[in-house]
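What follows is the residue order along each chain.
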Amino acid sequence: MAKSLSGSRRAPLARKMVFSVAAALGLAGVLSSCIEDGFTTSPSDQPAFSTDTLRMADLFTLEASPTSRFIVYNRHDKGLNISSVRFIDDPAGNFRLNVDGMAGREFSNVEIRAKDSIFVFVEATLPENGGDAPVDILAHIEFITNGVASKMPVKVTGQDAVRLYDGTLIETNTTLTADKPYLVRDSIVVAEGATLAIEAGARLYFHDGASLLVDGTLDIRGEAGKPVQLTGDRRGFVAAQIPYEIMAGQWEGIKFGPTSTANRLVHASVRNTKWGIMADNVQSAGDAPGLYLLNSVVRNSQGYVLETLFTDVTAIGCELAEASSGIMSLTGGNHRFNHCTIANYYLFTALGGPAVQMAQTGFPDEEPVDPERPMMTADFTNCILYGNGTELSHPDLAGTAITFRRCLLKSAGTDDDNFIDCLWDTDPKYYTERSEYIFDYRLRPESPAAGAAAADLVDPAAAADIDGTPRLPNPDLGAYQTPGEAGETGGAL
């Protein structure tokens, strides 16, 4: 009985096991059929793309590009199987692909579920082209889906560059031309007694840690529409819509030492530094100040954009903007600022101090940095000082030789012997939109600074602004002249 009973129990169990296995196999078959049936095979069902052409950032040849991307969408109710993804006209292998997280040159059977999408990332390293001019490259990524080929054009421009990689010492008078851009991986040092001249339109791109150190003389010879650019070598976007163009700290900056003399920066654009322009006891030469800035832009610094110690500075028609510590730190010296826009909407940290910080001023309660040196003199005329934070470290300048004449200021102050005919508590109405990462200090047509400058205070060197727009007969305050009755625009930095 026990044996018979035991056998009767095993038989149903065996049948159940057979059924379970069969059911599992059947379910697998059903699932396999569902999966297979879940992909469309219709030639009319094709992927869609987030752009019709992928335009990559302009590149220096032999240098790896920033990563560009686009999205491939499946807008259909069934899955897509893309049988092939590859570059069809890149035999030299200049381009690199990453499709849905996989790196390679060619991809097969790339699946996109219904109503889903994948990312495609593209990088490039272009060979030297042997000329001075940029060369446009057009390649195509081919997608074959259900027997139908579609192409994504990829456009990129590459330019050969002069590479200064192991430190460059300028010991004799030297000129950098505008023929090719310069890539600087280490410091350029201008030795005492030597002059480094830089032609209009030249571009110098500095790597992290690189700097321009001047113990001799720097002579930048830019023109309206052809500025000399000194900036970081990172290109493209940090993330999303934030470009490297607005990021400070990409290279060290320019430093003028005590043996330097009579430096001129005309139509220069100095951007994205750690400490901007520093001038330490720079020597004047006759009527030429230690540092002369004309129609130049100095912006985006982790420190100041301009920091001076007992150095005479003349700045005419300049934009001085965006710095974490404050725009300027001036200690002693004789200074003249005419038609300058001094603005700070620095984005990434809280501001470290007022826009213009002054020491060795002769202010009654101030302890001089060096009692043996003369006190500062400074004359600000037809300037704008407006942005986040306060304007001045010494809002009461009584007893000093510092004056602001016909300037627009953010503060709600009143005129006195140091502030003469000023526009107080007045918004200049820049085009700047900080939340949109737009930092444009030109004036809107309705700006109260438009036509508000004193014509008799326009320095002869300021007759035209950064863009080449004539200021007279109706000069605006600040660095930029609104095109109109005074003239038409020439170009832009």
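Residues numbered from 1 in each chain as written. Predicted model: local features only at pLDDT ≥ 70, side-chain atom pairs only at ≥ 80, totals over all residues. Heavy atoms only, no water.

Novice: Would you explain the overall build of the chain in this entry?
Specialist: Each helix and strand in the chain was counted, giving one helix and 41 strands. A buried classification covers 48% of the 493 residues belonging to the chain. The contacts of the chain with a sequence gap of at least 6 include a subset with a gap of at least 24, amounting to 58%. Carbon together with sulfur atoms contributes 52% to the accessible area of the chain, which is approximately 22,400 Å² in total. (Helix = DSSP H or I, 4+ residues; strand = E, 2+ residues; numbered from the N terminus. Buried < 20%, exposed > 50% of the residue type's maximum accessible area, 1.4 Å probe, protein only. Contact = heavy atoms within 4.5 Å. Areas by Shrake-Rupley, 256 points an atom, 1.4 Å probe, with all protein chains shown as cover.)

Novice: Explain the sheet that holds strand β4 (residues 68-73) here, please?
Specialist: Strand pairing in a sheet is mediated by backbone hydrogen bonds. Such pairs are either parallel or antiparallel. One open sheet holds the five strands; their spatial order is β1-β4-β9-β6-β7, and the pairing between them is antiparallel. The open sheet has two free edges, formed respectively by β1 (48-49) and β7 (102-104), since each of these has just one partner strand. Sheet analysis places β4 next to strand β9 (residues 117-124), joined by six bridges and oriented antiparallel. Its bridge partner lying in β9, Phe70 is registered against Val120. (Pairing = 2+ DSSP bridges.)

Novice: Which parts of the structure should I look at to understand the pairing of strand β27 (residues 277-280)?
Specialist: A regular strand places its side chains so that they alternate between the two faces of the sheet. Only one face of β27 is buried: it carries Ile277 and Ala279, and the other face, with Met278 and Asp280, is open. Here strand β24 (residues 253-256) runs beside β27; their pairing, made up of three bridges, is parallel. Paired with Ile254 across the strands is Ile277, a residue of β27. The sheet contact formed by β27 and strand β30 (residues 306-309) spans four bridges and is parallel. Bridge pairing in β30 links Ile277 to Leu306.

Novice: Teacher, can you tell me more about the environment of Leu320 here?
Specialist: Here Leu320 lies in strand β32 (residues 319-323). In sequence terms Leu320 and Val305 are 15 residues apart; their C-alpha atoms lie 6.8 Å from each other. Non-local contacts of Leu320, meaning those with residues more than four positions away in its chain, are made with Val298, Val305, Ile327, Met328, Phe337, Thr341, Ile342 and Ala343.

Novice: Got a minute to help me understand the pairing of strand β18 (residues 203-206) in this structure?
Specialist: Where strand β15 (residues 182-184) lies against β18, three bridges are found, and the strand directions are parallel. Its bridge partner lying in β18, Val184 is registered against Phe206. By the bridge criterion, four bridges tie β18 to strand β21 (residues 228-232) in an arrangement that is parallel. Bridge pairing in β21 places Arg203 opposite Gln229.

Novice: Would you take a moment to explain the sheet that holds strand β26 (residues 268-273) for this structure?
Specialist: One open sheet holds the ten strands; their spatial order is β12-β15-β18-β21-β26-β29-β32-β35-β38-β40, and the pairing between them is parallel. Looking at which strands have only one partner, the edges of the open sheet turn out to be β12 (162-164) and β40 (408-409).

Novice: So what exactly am I meant to see when it comes to the packing of aromatic side chains here?
Specialist: Applying the stated criterion to the full structure yields 15 aromatic pairs. On the basis of an interplanar angle of 65° and a centroid distance of 6.2 Å, the ring pair of Phe49 and Phe70 is categorised as edge-to-face. Of this pair, Phe49 sits in strand β1 while Phe70 is found in strand β4, placing the two residues 21 residues apart along the sequence. Note on Phe206 and Trp251: the rings are 4.1 Å apart at their centroids and 10° apart in plane angle, and the pair reads as stacked. Remark: Trp251 occurs in the loop between β23 (242-243) and β24 and Phe206 occurs in strand β18; sequence separation between them is 45 residues. Exposure remark for Trp251: the relative accessible area of 0% places this residue in the buried category. Ring-pair connections join several aromatic residues into one group, and the members of that group are Phe337, Phe380, Phe404, Phe419 and Trp424. Residue placement shows Arg75 over the ring face of Tyr73; its charged tip is 4.3 Å from the ring centre. (Phe/Tyr/Trp six-rings, centres within 6.5 Å; stacked < 30°, edge-to-face > 60°. Lys NZ or Arg CZ within 6 Å of the ring centre and 35° of its normal.)

Novice: Looking at this structure, how should I read the confidence of the model for the chain?
Specialist: Do not read the predicted coordinates in detail wherever pLDDT is low. Per-residue confidence for the chain gives a mean pLDDT of 89, with 90% of residues at or over 70. Counting interchain partners and residues more than four positions distant, the pLDDT-below-50 stretch residues 1-36 has zero contacts. Below a pLDDT of 50 lies the segment residues 485-493, which in the model reaches 31 contacts outside its immediate sequence neighbourhood of four places, other chains included. (pLDDT = per-residue confidence, 0-100.)

Novice: Whenever I open this one, the side chain of Thr145 confuses me. Can you help?
Specialist: If you trace the backbone, Thr145 turns up in strand β10 (residues 135-145). On the accessibility criterion, Thr145 (0% relative accessible area) is buried. Sequence-distant contacts of Thr145, that is, excluding residues within four places in its chain, are made with Asp45, Gln46, Pro47, Leu80, Asn81 and Ile82.

Novice: Looking at this structure, how should I read the side chain of Thr61?
Specialist: Structurally, Thr61 is set in the loop between β3 (59-60) and β4. On the basis of relative accessible area, Thr61 is assigned to the buried category, the value being 1%.

Novice: Explain a negative patch on the surface here, please?
Specialist: Taken together, the side chains of Asp396, Asp415, Asp416 and Asp417 define an acidic patch exposed on the protein surface. The topology assignment puts Asp416 in the loop between β40 and β41 (419-420). (Patch = residues over 30% accessible without salt bridge, like charges linked within 9 Å, V, L, I, M, F, W, Y side chains within 5 Å. Salt bridge = Lys/Arg side-chain N within 4 Å of Asp/Glu carboxyl O. Lys, Arg positive; Asp, Glu negative; His and termini not counted. Charge placed at Lys NZ, Arg CZ, Asp CG, Glu CD.)

Novice: Looking at this structure, how should I read unusual backbone geometry?
Specialist: Negative phi is the rule for most residues except glycine; trans is the rule for most peptide bonds. Each neighbour pair has its own omega, and for Leu472 with Pro473 the value is 15°, a cis peptide bond. Here Pro473 shows up in the segment after β41. A positive phi angle is found at His267, which is not glycine, with a value near 50°.

Novice: Help me understand the state of the cysteines, please; the structure alone is not making it clear to me.
Specialist: A covalent bond between the sulfur atoms of two cysteines is what we call a disulfide. Tallied over the full model, the rule gives zero disulfides. There is no disulfide at Cys318, and the cysteine sulfur nearest it, in Cys340, is 4.8 Å away. For Cys318, a relative accessible area of 1% puts it in the buried group. (Disulfide = S-S within 2.5 Å.)

Novice: Teacher, can you tell me more about the environment of Asp379 here?
Specialist: By the secondary structure assignment, Asp379 is in strand β37 (residues 377-381). Exposure remark for Asp379: the relative accessible area of 19% places this residue in the buried category. Between the alpha carbons of Asp379 and Asn338 there is a distance of 8.1 Å; along the sequence they are 41 residues apart. Residues in contact with Asp379, not counting those within four places in the same chain, are His335, Arg336, Phe337, Thr403 and Arg405. Here the side chain of Asp379 touches Arg405 through a polar contact of 2.4 Å, side chain to side chain. (Polar contact = N/O pair within 3.5 Å; in protein donor to acceptor, adjacent residues only side chain to side chain.)

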